[in-house]
Structure formats: C-alpha cells, structure tokens
Amino acid sequence: MAGPESTPRLPRHLAVIMDGNGRWAERRRRPRAVGHRAGARAVNICIDFCLERGIGALTLFAFSSENWGRPQDEVGALMKLFMGALEREVEELARRGVRVRFIGERGRFSPAIVERMAAAEAHTQANSTLELAIAASYGGRWDITAAARRLASEAAAGRLDPAAIDESLLAAHLSLADLPPPDLFIRTGGDQRISNFLLWQMAYTELWFTDVLWPELDTATLQAALDDYAGRERRFGLTGAQSRQPAHAPEGAR
Ligand code: IPE
Ligand code: IPE
Ligand code: MG
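Below, the structure is looked at part by part. (Residues numbered from 1 in each chain as written. Chains lettered and ligands numbered in written order. Predicted model: local features only at pLDDT ≥ 70, side-chain atom pairs only at ≥ 80, totals over all residues. Heavy atoms only, no water.)

## Focus on the site of ligand 1
Move 1: Near ligand 1, the surroundings consist of 13 residues, among which Asp19, Gly22, Arg23, Arg32 and Arg70 are the closest.
Move 2: At 2.7 Å, a side-chain N or O of arginine 23 approaches an oxygen atom of ligand 1.
Move 3: A distance of 2.7 Å separates an oxygen atom of ligand 1 from a polar atom in the side chain of arginine 70.
Move 4: Considering ligand 1 on its own, with 380 Å² of exposed area, one finds that the protein chains cover 87% of that surface.
Move 5: Looking at the shell around ligand 1, the elements with two or more residues in it are α1 (21-27), α2 (32-53) and α3 (72-95).
Move 6: Residues that form the shell around ligand 1 fall into these classes: three nonpolar, five polar and five charged. (Near = heavy atom within 4 Å. Polar contact = N/O pair within 3.5 Å; in protein donor to acceptor, adjacent residues only side chain to side chain. Areas by Shrake-Rupley, 256 points an atom, 1.4 Å probe, with all protein chains shown as cover. Helix = DSSP H or I, 4+ residues; strand = E, 2+ residues; numbered from the N terminus. Nonpolar A, V, L, I, M, F, W, Y, C, P; charged D, E, K, R; others polar.)

What follows is the structure, encoded as structure tokens:
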C-alpha cells in the first residue's frame, strides 16, 4: 500500500513457509517432532511481529497436501501439536483481535481437529486487527482444482455460462479471495521453492528466502525481509515509468 513518502512500504499480506523444523532437530540429534514443537514458538514471534508492525494479513503454511505422505509417527506428532495449539492459543489470539481461518482440505483431519478449527474460526470471526490464515492440508493445486470443480458444478447445473468464467471469477472461488494477494513471501530453511503453496495468489508476490531454520526465527530476520521488500520496485508487467505513477493500479496488483 502506498503511504506517505516518509513511511516505509509495508506488505498488506505476508505469506510464510515455515520450513526447517526437521533439520533443526536432526542437527541436535533429536527426533523431528522436537523440531516441530520448537517451531511453535516461532509462530508466535511471527504473529506478534505482524501485530506490532500493523501488517493486516498473515498466511502461514503449516502442513501441505504432500506432507500427509511423511512417516506415520511424524504426521501423528504434528496432529497432536496442532490439536494442542488449537486448545492453547486460540483464546489469546481472540483477545488480541486476531481473526483465524484455516485453508486446505479439511476432510482429511480427524473430526476432533475439524471441530476445533471451526470453533476457533467462529470464536474469532468478528476480529479484524490481523487476518491470520493457517494453511493446513493445503496445496495450491488442490485450491485451484477445488475452485474449478465448483465452477464446473455450477455450469453443469445450468447456473453458469462457461463463457463467463474469467480470471476474476476463478480467483473469487479460491481460498483467501477476500484478502489482497500476498505482497511478500518468506521461506525459512534455505530452500528456494514454492512447494505447492499459494500458486495462483502469488503470481506477483515478492519472494524472500533465508537460511535461518524456522525454530530459530527472530524479529531481526523478519525485519530484514521487510527492509528488502521496502526497497523493491514492483512492476506487474508494466514499465518502470508506468509503475511509478502513483495513480496507476496495475492488473496484477488486483
Ligand atoms: C516444516 O519443517 C514443517 C512441516 C513441513 C510440517 P520440515 O519438517 O519440513 O523441516 P525440514 O525441511 O525437514 O528441515
Ligand atoms: C513446505 O515445506 C510445507 C510446509 C512448510 C508446511 P516442505 O518441507 O514440505 O517442502 P519441500 O518438501 O522441501 O519442498
Ligand atoms: Mg521441509
């Protein structure tokens, strides 16, 4: 969002791949689940950072569609942690004005977790200080496929003319359709890839990678990402001269 010249540009929406828990534990010769537990602390650091800086939306990639294929004991440990966090953290998030939602294929979780997710969403739905989306059992391909399936059903039922399907209609059927697309993406853990995160929504997101492992995340690392972002020129396919015109609202910025 363009603010006064003196204020640094802040992302409206930050998307994060929280990676490196397993390696953090392995380096300490501990089970990978210990790394996941340590990663929970970093989640709070990241949420606090957004609240303090006034970043309006945060999407955290917690568990991918593909992560279901990990060894059963690791998946089990992650589900236990997830359940524990849902029981422990929601009240505090609610108190701080955070609105929580979960994006992903919910039917793959146990009924107890699904119930807790719905309860957390209902409990925080009137909040607006920070829009927090937890991507769990999420994949960008799943998201686009689910949107396509919904549109296809509408068309098959005769309620939608296929010729009316355009980018904005598809976008409206994706997760996070009510939020601006992520301005800044951060991935910890040293790998430089998207790993099936928000594929459509990140078409013009600025990417930032760090070798810091997720359990070691600190405010200085997040600030370094923001500082880097503030110095970038986003052109959305236009020329530099066009994109520097203040009144211009390019397509890609939505
Ligand atoms: C990210 O850490 C958390 C999940 C994917 C659930 P990893 O578990 O992928 O950690 P590394 O990448 O193996 O170190
Ligand atoms: C991406 O990390 C998913 C999450 C952090 C939840 P992965 O560790 O699963 O990604 P790859 O396998 O390294 O691409
Ligand atoms: Mg990983």
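## A short note on the site of ligand 2
Move 1: The full set of residues close to ligand 2 is Ile17, Met18, Asp19, Phe61, Ala62, Phe63, Ser64, Asn67, Arg70, Arg187, Arg193 and Ser195.
Move 2: Measuring from an oxygen atom of ligand 2, one finds a side-chain N or O atom of aspartate 19 at 3.2 Å.
Move 3: Between ligand 2 and the protein, one listed contact pairs an oxygen atom with a side-chain N or O atom of asparagine 67 at 2.9 Å.
Move 4: Alone, ligand 2 offers 390 Å² of accessible surface; in the complex the protein occludes 79% of this.
Move 5: No other element matches strand β2 (residues 57-64), which puts four residues into the shell around ligand 2.
Move 6: Grouping the constituent residues of the shell around ligand 2 by class yields five nonpolar, three polar and four charged.

## Considering the packing of α2 against α3
Two packed helices can be described by the angle between their axes and the distance between those axes.
Move 1: One way to put it is that α2 packs onto α3 with a least axis distance of 10 Å and a crossing angle of 25 degrees. By the angle between their directions, the pair α2 and α3 is classed as roughly parallel. Once α2 is placed against α3, the crossing between them reads as right-handed. Contacts between α2 and α3 pair Arg32, Ala33, His36, Arg37, Asn44 and Ile47 from the former with Glu74, Ala77, Leu78, Leu81, Glu89 and Leu93 from the latter.
Move 2: Split by residue class, the contact of α2 with α3 holds six nonpolar, two polar and four charged. (Axes fitted to C-alpha atoms, helices over the stretch in contact; angles between N-to-C directions. Parallel < 35°, antiparallel > 145°, perpendicular 65-115°, else oblique. Left-handed = near helix turned anticlockwise from the far one by under 90°. Contact = heavy atoms within 4.5 Å.)

## A short note on the packing of α3 against helix α4 (residues 111-124)
Move 1: Packing of α3 against α4 leaves a shortest axis separation of 10 Å and a crossing angle of 15 degrees. Here α3 is positioned roughly parallel relative to α4, judged by the angle of their axes. Where α3 crosses over α4, the two elements pack in a sense that is left-handed. In this structure, α3 contributes Met79, Phe82, Met83, Leu86, Glu87, Val90, Glu91 and Ala94 to the contact, and α4 contributes Ala112, Ile113, Arg116, Met117, Ala120, His123 and Thr124.
Move 2: Within the contact of α3 with α4, the residues separate by chemical class into ten nonpolar, two polar and three charged.

## Focus on α4
Move 1: Taking 1.5 Å as the rise per residue, α4 with 14 residues should run 20 Å; its terminal C-alpha atoms sit 20 Å apart, in good agreement.
Move 2: Taken together, the buried positions of α4 are occupied by Ile113, Met117, Ala120, Glu121 and Thr124. Seen end-on, α4 carries its buried residues on one side only, within an arc spanning 95 degrees. Looking at α4, the residues exposed on the side facing more than 90 degrees away from the buried face are Pro111 and Glu115.
Move 3: Lining the buried residues of α4 we find α3 and β3 (98-103). (Expected span 1.5 Å × (residues − 1). Buried < 20%, exposed > 50% of the residue type's maximum accessible area, 1.4 Å probe, protein only. Arc of directions from axis to C-beta.)

## So, the pairing of β3
Move 1: Taking burial as the measure, the six residues of β3 include five buried ones, the bulk of the element.
Move 2: Here six bridges tie β3 to strand β4 (residues 130-138), and the two strands are oriented parallel to one another. Of the residues in β4, the one forming a bridge with valine 100 is leucine 132. (Pairing = 2+ DSSP bridges.)

## Focus on unusual backbone geometry
Move 1: Of note, the phi angle at leucine 176 is positive, near 70 degrees, even though the residue is not glycine.
Move 2: Classification of leucine 176 as buried rests on a relative accessible area of 6%.
Move 3: Positive phi is not limited to glycine here, since serine 195 has a value of about 50 degrees.
Move 4: Examined against the element boundaries, serine 195 turns out to sit in the loop between β5 (184-187) and β6 (206-209).

## Quick notes on the sheet that holds strand β1 (residues 13-17)
Move 1: Strand order in the open sheet formed by six strands is β3-β4-β2-β1-β5-β6, and the pairing between neighbours is parallel. Pairing within the sheet leaves two strands with one partner each, and these edge strands are β3 and β6. Each strand axis lies, on average, 20 degrees off the axis of its neighbour in the sheet, ignoring direction.
Move 2: Here β1 pairs with β5 via four bridges, running parallel. Its bridge partner being in β5, leucine 14 is matched across the sheet by leucine 184.

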